[in-house]
Amino acid sequence: MACNCYPVNFTAVSSNPNRSLTCSPKKHTFISRSSASSSTVRFSSLYINRKISRTRFNAPNLQVVASANKAEPLKVMISGAPASGKGTQCELIRRKYDFVHIAAGDLLRAEVAAGTENGRRAKECMEKGQLVPDEIVVMMVKERLLLPDSQEKGWLLDGYPRSSSQANALKEFGFQPDLFILLEVPEEILVDRVVGRRLDPVTGKIYHLKYSPPETQEIAARLTQRFDDTEEKVKLRLLTHNKNVEAVLSMYEDITVKVDGSLCKEDVFAQIDSALRALRKQGQTPLGSLAA
């Protein structure tokens, strides 16, 4: 019978401390995937399943401690046009699932703010509504995905990849998502969202003059508009996005969930949360029994 399996290490210990261990059970067997960290079982004989054959070891009065690896953390990508709500949904996802949120746009803007050579090249492309060259972005994303927190908690990659070449680069580096979320929003709504968007340079919080205005006049007075958040530039960005999104989707079509991003943020998140809960449930089947 087919099952979702992974290897488990065993340590055999004699129950009589004055008697040496004369039997050496196999070091690996296979059990159903589980989030449990360990399992202990006493036995007089152990069966180890290996594809189509079974091997029996007589091992009286032994205790076996099975040290099982935790289920692998989820890896998620979220994509959509500018102002489709990726940032808002990523924050809601991060709060509930504790993924490491990695925004390619934030990585780029940090380079621009630092005035690096890559930052200057990126800014020129962004001002023209063009994609930043892959060689600038891919290494930054790769290095962030390889950090320990991303490996341990799982990651939520926001706004990347944006082209088939970027998706292929990630694949070559061994990064494959478990779920690809696509936020779909009509173009007229996207333009309206972008033109009214403002940034608080003190807190980093994003506001919207119409949909999410600042709480006080003090905050309103210090708000700034990103240089690429104008109607002219967003329309150029939308054209670029639409040309590339289909190629990216073709690489992840089997794991893609399309979400109506024009709804209120709570309803959008409900759709995403449902998909993530279903995916997580698949990886939490009960610990398989060991036949004796």
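Higher on the page you've got the structure.
Small disclaimer: the values here were computed from a predicted structure and weren't measured.

Caption draft 1: Quick look at the environment of glutamate 231. Inspection of the secondary structure puts glutamate 231 in helix α9 (residues 231–252). Sequence-wise, glutamate 231 and aspartate 192 are 39 residues apart; in three dimensions their C-alpha atoms are separated by 8.3 Å. Residue contacts for glutamate 231: discarding those within four places in its chain leaves Val191 and Val195.

Caption draft 2: Structural detail: the sheet that holds strand β7 (residues 155–158). Strand order in the open sheet made by the five strands is β6-β7-β5-β8-β11, with parallel pairing throughout. The open sheet has two edge strands, β6 (100–103) and β11 (256–260), and neither has a second partner. Pairwise comparison of adjacent strand axes, ignoring direction, gives a mean angle of 20 degrees for this sheet. Bridging between strand β5 (residues 75–80) and β7 involves four bridges; their strand directions are parallel. Residue pairing across strands places valine 76 opposite leucine 156, the latter belonging to β7.

Caption draft 3: Summary view of unusual backbone geometry. Omega for the peptide link from tyrosine 160 to proline 161 comes to 5 degrees, which places this bond in the cis form. The residue proline 161 is located in the loop between β7 and α6 (164–172) in this model. Look at aspartate 98: it is not a glycine, yet its phi comes out positive at around 60 degrees.

Caption draft 4: Highlighting the pairing of β7. Of the two faces of β7, the one lined by Trp155 and Leu157 and the one lined by Leu156 and Asp158 are each fully buried. Here four bridges tie β6 to β7, and the two strands are oriented parallel to one another. Within β7, the residue paired with histidine 101 across the bridge is leucine 156.

Quick notes on the rules
Note on numbering: residues in each chain are counted from 1, in written sequence order. At least 70 in pLDDT is required for a residue's local features to be given in this predicted model, at least 80 for side-chain atom pairs to be given and counted, and no such filter applies to totals for whole chains, interfaces and linings, which use all residues. Side-chain metrics rest on all non-hydrogen atoms present in the structure, leaving aside hydrogens and water. Runs of E in the DSSP output that reach at least two residues are strands. Runs of H or I that reach at least four are helices, and both are numbered from the N terminus. When checking whether two residues touch, look at their non-hydrogen atoms; a contact exists if any pair is within 4.5 Å. Only when DSSP finds a minimum of two bridges between them are two strands counted as paired. Angles shown run from 0 to 180 degrees and are taken between the N-to-C directions of axes, each axis being a line fitted to C-alpha atoms and, for helices, limited to the stretch in contact. Buried residues are those whose accessible area, probed at 1.4 Å on protein chains only, stays under 20% of the maximum for their type, while exposed residues exceed 50% and partly exposed ones sit between those limits.

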